[in-house]
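Coordinate analysis (summary)
The chain contents come next:
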Amino acid sequence: MPRPLELHPDRLFPADPTVRAIARELYGAVKDLPIVSPHGHTDPRWFAYDEPFGNATDLLLVPDHYVFRMLYSQGIALEELGLRNPGVDPRAAWRLFAERYPLFRGTPSRIWLDWVFAEAFGIGVQLSAETSDLYFDTITAALATEAFRPRALFERFNIEVIATTESPLDRLEHHAAIRSSGWQGRVITAYRPDPVIDPDFVDDKGGGFRANLAAFSELTGEDCLSWPGYLAAHRQRRAFFAAMGATSTDHGHPTARTADLSTAEAEALFRKVSAGDFTADDAELFRAQMLTEMAAMSLDDGLVMQIHPGAFRNHNAKVFARFGRDKGADIPSRTEYVQALKPLLDRFGNEKDLSVILFTLDESTYARELAPLAGHYPCLKLGPAWWFHDSPEGMKRFRAMTTETAGFYNTVGFNDDTRAFLSIPARHDLARRIDSGFLAGLVAEHRLEDWEAAELAQDLAYNLAKKAYKL
Amino acid sequence: MPRPLELHPDRLFPADPTVRAIARELYGAVKDLPIVSPHGHTDPRWFAYDEPFGNATDLLLVPDHYVFRMLYSQGIALEELGLRNPGVDPRAAWRLFAERYPLFRGTPSRIWLDWVFAEAFGIGVQLSAETSDLYFDTITAALATEAFRPRALFERFNIEVIATTESPLDRLEHHAAIRSSGWQGRVITAYRPDPVIDPDFVDDKGGGFRANLAAFSELTGEDCLSWPGYLAAHRQRRAFFAAMGATSTDHGHPTARTADLSTAEAEALFRKVSAGDFTADDAELFRAQMLTEMAAMSLDDGLVMQIHPGAFRNHNAKVFARFGRDKGADIPSRTEYVQALKPLLDRFGNEKDLSVILFTLDESTYARELAPLAGHYPCLKLGPAWWFHDSPEGMKRFRAMTTETAGFYNTVGFNDDTRAFLSIPARHDLARRIDSGFLAGLVAEHRLEDWEAAELAQDLAYNLAKKAYKL
Amino acid sequence: MPRPLELHPDRLFPADPTVRAIARELYGAVKDLPIVSPHGHTDPRWFAYDEPFGNATDLLLVPDHYVFRMLYSQGIALEELGLRNPGVDPRAAWRLFAERYPLFRGTPSRIWLDWVFAEAFGIGVQLSAETSDLYFDTITAALATEAFRPRALFERFNIEVIATTESPLDRLEHHAAIRSSGWQGRVITAYRPDPVIDPDFVDDKGGGFRANLAAFSELTGEDCLSWPGYLAAHRQRRAFFAAMGATSTDHGHPTARTADLSTAEAEALFRKVSAGDFTADDAELFRAQMLTEMAAMSLDDGLVMQIHPGAFRNHNAKVFARFGRDKGADIPSRTEYVQALKPLLDRFGNEKDLSVILFTLDESTYARELAPLAGHYPCLKLGPAWWFHDSPEGMKRFRAMTTETAGFYNTVGFNDDTRAFLSIPARHDLARRIDSGFLAGLVAEHRLEDWEAAELAQDLAYNLAKKAYKL
């Protein structure tokens, strides 16, 4: 007999009855608020062309690095799951996953997936070897229906606005198609210039920074091998992205280092990196300088700046060579902010009209560096618990370690940061539940009034994201 | 209608009814113990001359960097609050604060301030835009009365002893005035030699290390440009401070680094730094050497040594240039202790008659470095959760991460470390509540007997501070 | 009147009644499972010759660095406790401990010791100055009885298997004696090659790496001053250890650094370190290279590899000079894994047949580095909370910070890692209670089903250790 799958209405709330009752009430008032998703990685083609998603494996397994990294860690080859292996039987791949579903006990993937199974697909039994085919068939059949087309899900999920992320080299034709389609869903882009900023950038096809500069020139008509032309190309593309709805930029550097070189120094450095004749230190310094350049442009064009540092990308050389980027082999590294951000902050830190949102994969910086910085500098805000820390315990640590110094109002609400479209409501729901529980704890300990917690619950679930991202 | 302001008798206790009941009982037995404040930054002039404090803004807003840093982070200029701007209308400044009081939700400042409002001033409504003038008027009027003079508050607050912090260059005339006044309040000093130890020291008036050495010579009659004279001057001033009640020294270096140079090396290094011809490494090494020299003197004169490392002072260059030190722009940095302290510990670590109290702004060192060090070396003790971590969650993390390795008896009770005089009872009350809750949790989980917790509550609230600081 | 000593049946369970009830049930089903102890430091002579343990002080005080480091930190000389001082009166030494038993409040030593007193010896009153002699006499008398011989305790403690740790230079004669004795207890060894791998190794008798290489040659008949001979000697001893039951190796390097040099480079480096003519960097690089060599051998012979980095050994120079190694003066250091392990992982990270268990003394790496690494690489697993973190709060932090990214199944159950034989059941019991409480919290918050928690409780208490260590 398969075990029943039921999402408990009190899931993720603290166990103490007093706290739980408060949490339940706080959550009740925010659970149906529209979803504001200011940072993520959904594919604009979905919303532009509204085609069906395919089968269960292609939708839920192959693209989800949270899922296949865990299976890989326990000895399942990525090929067996269908990565870079179109010949695999998707039903067989799904079975490998279903049999190993206990591996996800205690992980947020389990919580998100159970929501997708129960709420999105209405499945009433737990995923296991026994129910593997039932799942595969139910999900695959549902995906063929109109109700599971991207736009229908977007509306059903009550998404008010969602941001995707594109390279400056992207022509945003899918975003243009959405806009010209007449569909009312608000899908915006965000400016992610790493491919034309990071001298060490390599994409899955072996392309890299220099090829990207050539494409950048071609796209913009600027001479992107000259420093002024390169900066002008950024300004031009930022304006175009903004015209296509972007309100933010995003920067995924290895570190948070910034620099503030003279024009002559910056120009000389650019000559080296653009010529492909540079050291690792040159590359790091160039990335550092470009954060400050981007901040300068943000002061002009109003785009909110997001800094997402600290991932050692593609740590597994063999997996990268065989499968490319984003295959679950990015590993967080110790990250320093206090020295790293000083050059940018010395120049722009006191600007009220600049907004820089800091993220981290190094939780030891929450209380030590990030909350003190954001609790002082007018331009700084803290992004939510990110990636490996986008989880119940991760969110609780984020709140416990940042609130006392930075308060709630130097944070920016929730980011789902995902390409797993169906899990978006689950992720926002999880964040709303955890925040409600955190606030309920403060109320129960008489550290916050109940009416304040109610205001905060709305702010954390909805208002702060809209305000911080100018949505 | 303004909302009522009421301090709940169970505030800050854990929500679980069993744990809360135990916490309430533990706290009940210690809440009225006298306040021992062995480390802080109150102004001895208050107690020497007992003059009224002025208005609400001048007392509670302008000097409190916890408060104005948060307002600054949300776009309020420091000038608008009255910093370096005597022309500001204090009532208008107070209103800026009152309107933004929600920014402090979830912060310890909110807890301390509500105590001050409700307990010290007897205000019964919450601070908000609506009650801003009521607050300003009520507080300002109260401050004009005898009951709110510094000595009256000292007595009302049941302060058994309070330590201030002075530079070796301070003549301690205000402390002398207190002693000769006949008033019985015990206000002592502490020896804080950074201005004459740190080659990089700069004060708000542009003065620095070399000018301070000249003043040090003049004050002591020693030749403070010679290494023996410089050390003799320290010894002389330490003796004078001790005669004025000091039982401790305090050292706020950027790092915890110590050194144990030969006399010849130390002398050569001193020549460089005192001549103003030194590198950053020289300055760091000199500070390191001086910690060891101070430890040597402590072995002789019995002064307890406090090491407060890890703040990047004056991180915001523009705020420092305009407003000077201590303006909420000090940011913690990663701090290392194991290598850093070894030279000092190799020389004095096994001395039972030396007492060195370690503080940190880097919580990642609690369980990893500080508790293991303090749980082994006879000379080491751990100071309480400090500054950004002087908060409910900060204190809970301190206990949770140090107790299992260092125990309770290698810690030293609570420090309020504040210049916000009216908040001192609130801060000690908060610490007593959090410690009672922590102990109650251990009792409820049968990790500690109730009678042991009762002893510990007394120790943490009172006995340990007296013993560790020889008060 | 002495206070009664009673171990509460609900000790260490969360206070909330709902969670506690779930924890009690989970624990009830696993509390009597046999003990699997795959990593520790008991003495094989105990089981080989089954002689009585001596008196209370010699058994419980003199060898337990957790205990005497705390006493030392509070001013008790190690000589007074009997370390390197056979002339001390053991009853007087015990009294020093008994009088200071309150120092251990809140520490795991207190919990382990109370279990030993109450459960192993049946003592019904608390340890204190008053009961010191009663304790000393009761324990010492019991130790003279048959029931307290090592083998009898082994059986009474329901130990299914226990691993000791030996140097490659150890002839394993005591293990051979156990095997030839006819006694059925399963005591196995583990291969701990630090003495012949670490160029900086110094033992208590002043011996070191070069002397150990000579002994290694003599023992194996290989030329251990040649690189091929040295590696062959390792292979030979590993095979011998495996024949004596070993299923694992153990590596206690200062850092987690690995290297993957060419054979020529490795050979040249070995010439330097084996000649005693090397820098600190050479030594570090050699240790790094040897981790990769050991991994290569593990792929061949199947021994599970344990990496225990991050202790600054013998930090207290005077204590080391007077008392030698393992005297409570090892201090954890910040430890980096992501860069450090890359050379080994680049070569072997994707091998399903290799098993590398990572430990840390730096909890900041749990969520940031270790869980992401173990949640991706097939060869990696996470060892339990270790040493200073082998404690209720330490275990809770381990689970809270690793589970969401690595899951439970990339962890390996509990290690007691102790030489304090009588505390072994107490340590496993503590781990089972804390894990039950952690799982109960997940169930109460509807993050895990009750039947899943029951499976996991068995896995964490028993199955995972057997599987991970191939026992």
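Computed from a prediction, not measured in an experiment: that's the story for all the values here.

The rules behind these values
- Residues numbered from 1 in each chain as written.
- Chains lettered and ligands numbered in written order.
- Predicted model: local features only at pLDDT ≥ 70, side-chain atom pairs only at ≥ 80, totals over all residues.
- Heavy atoms only, no water.
- Least-squares fit on C-alpha atoms with pLDDT ≥ 70 in both.
- Contact = heavy atoms within 4.5 Å.
- Axes fitted to C-alpha atoms, helices over the stretch in contact; angles between N-to-C directions.
- Helix = DSSP H or I, 4+ residues; strand = E, 2+ residues; numbered from the N terminus.
- Parallel < 35°, antiparallel > 145°, perpendicular 65-115°, else oblique.
- Left-handed = near helix turned anticlockwise from the far one by under 90°.
- Nonpolar A, V, L, I, M, F, W, Y, C, P; charged D, E, K, R; others polar.
- Salt bridge = Lys/Arg side-chain N within 4 Å of Asp/Glu carboxyl O.
- Buried < 20%, exposed > 50% of the residue type's maximum accessible area, 1.4 Å probe, protein only.
- Expected span 1.5 Å × (residues − 1).
- Pairing = 2+ DSSP bridges.
- Buried area = accessible area lost by both parts, 1.4 Å probe.
- Polar contact = N/O pair within 3.5 Å; in protein donor to acceptor, adjacent residues only side chain to side chain.
- Core = buried A, V, L, I, M, F, W, Y, C linked by side-chain atoms within 4.5 Å.
- Domains from an automatic or database assignment.

**Let's talk about the relation of the copies chain A and chain C**
In this arrangement, two copies of a chain are superimposed by a rotation about an axis accompanied by a shift along the axis. Between the two copies, chain A and chain C, the superposition gives an RMSD of 0.0 Å; the rotation angle is 120° and the shift along the axis is 0.0 Å. Both copies of the chain, as the preceding transformation shows, are related through a three-fold rotation axis. Of the residues that chain A buries at the interface, just 6% are likewise interface residues in chain C, meaning the two copies contact each other through different surfaces.

**Notes on the packing of helix H6 (residues 108-120) of chain A against helix H19 (residues 424-444) of chain A**
Residue and element names in this part refer to chain A. The N-to-C vectors of H6 and H19 enclose an angle of 125°; their axes lie 8 Å apart at closest approach. Judged by the inter-axis angle, H6 sits oblique to H19. Crossing handedness for the pair H6 and H19: right-handed. Judged by residue contacts, Ile-111, Trp-112 and Trp-115 of H6 engage Pro-425, Ala-426, Arg-427 and Leu-430 from H19. Here the contact of H6 with H19 is built from residues that sort into 6 nonpolar, no polar and 1 charged.

**Topic: the pattern of salt bridges**
One side chain can pair with another of opposite charge once the charged atoms of both are near each other. Residue and element names in this part refer to chain A. Using the criterion set out here, one finds 105 salt bridges over all chains in the structure. Taking the shortest distance from any N to any O, the salt bridge between Asp-200 and Arg-287 comes out at 3.0 Å. Note that Asp-200 is positioned in the loop between helix H10 (194-197) and helix H11 (209-220) and Arg-287 in helix H14 (residues 280-301), a separation of 87 residues in sequence. Since its relative accessible area comes to 40%, Asp-200 is described here as partly exposed.

**Comments concerning H6 of chain A**
Residues and elements named next belong to chain A. The end-to-end C-alpha distance of H6 is 17 Å, a good match for the 18 Å that 13 residues give at a rise of 1.5 Å each. Counted residue by residue, H6 has 12 buried out of 13 residues, so it is predominantly covered. Turning to H6, its buried residues number three or more, namely Pro-108, Ser-109, Arg-110, Ile-111, Trp-112, Leu-113, Asp-114, Trp-115, Val-116, Phe-117, Ala-118 and Ala-120. Looking one or two residues beyond H6, the residue adopting positive phi is Gly-122, at roughly 70°.

**Things to note about the sheet that holds strand S2 (residues 159-163) of chain C**
Residue and element names in this part refer to chain C. Sheet architecture is open: 3 strands sit in the order S1-S2-S3, paired in parallel fashion. Two strands lie at the open edges of the sheet, namely strand S1 (35-37) and strand S3 (187-188), each paired on one side alone. Looking at chain direction, S1 and S2 are connected through 3 bridges and run parallel. Note on S2: the bridge partner recorded for Ser-37 is Ile-162.

**Observations regarding the interface of chain C and chain B**
Counting from both sides, the interface comprises 51 residues of chain C and, opposite them, 43 residues of chain B. Between chain C and chain B, roughly 4,100 Å² of surface is buried when both sides are summed, and carbon and sulfur atoms account for 50% of that area. Three residues, Arg-105, His-315 and Arg-334 of chain C, lead the burial of chain C against chain B; their summed loss comes to 18% of the area buried on that side. On the surface where chain C and chain B come into contact, there are 5 salt bridges. Arg-368 of chain B is paired through a salt bridge with Asp-362 of chain C; the nearest N and O atoms lie 2.9 Å apart. The tally of links between chain C and chain B comes to 30 residue pairs in polar contact (both at pLDDT 80 or more).

**Regarding the nonpolar core**
Formed by 486 residues in total, the largest nonpolar core has its most connected members in Phe-117 of chain A, Trp-94 and Phe-117 of chain B together with Trp-94 and Phe-117 of chain C. Filtering out sequence-adjacent residues up to four positions away, Phe-117 of chain B remains in contact with Leu-5, Leu-60, Trp-94, Phe-97, Tyr-101, Gly-122, Ile-123, Leu-127, Tyr-135 and Ile-139 of chain B.

**Observations concerning the domain arrangement of chain A**
How big an interface is tends to be stated in terms of accessible area lost as the parts join. Residues and elements named next belong to chain A. If you check the domain split of chain A, you get domain 1 (53-148) and domain 2 (150-468). Distance from the C-alpha centre of domain 1 to the C-alpha centre of domain 2: 29 Å. Taken together, the contact between domain 1 and domain 2 spans 24 residues of the former and 30 residues of the latter. Three residues, Arg-84, Trp-112 and Trp-115, lead the burial of domain 1 against domain 2; their summed loss comes to 28% of the area buried on that side. Counting across the interface, domain 1 meets domain 2 through 1 salt bridge. One salt bridge connects Arg-322 with Glu-79, and the closest N-O pair in it is separated by 2.9 Å. Summed over the shared surface of domain 1 and domain 2, the result is 6 residue pairs in polar contact (both at pLDDT 80 or more). Among the elements of the structure, helix H4 (65-73) and H6 are those that each provide at least two residues to the side of domain 1 that touches domain 2. When residues of the side of domain 1 that touches domain 2 are assigned to their parent elements, the largest contribution, 7 residues, is made by H6. Of the residues that constitute the side of domain 1 that touches domain 2, the class distribution is 17 nonpolar, 1 polar and 6 charged.

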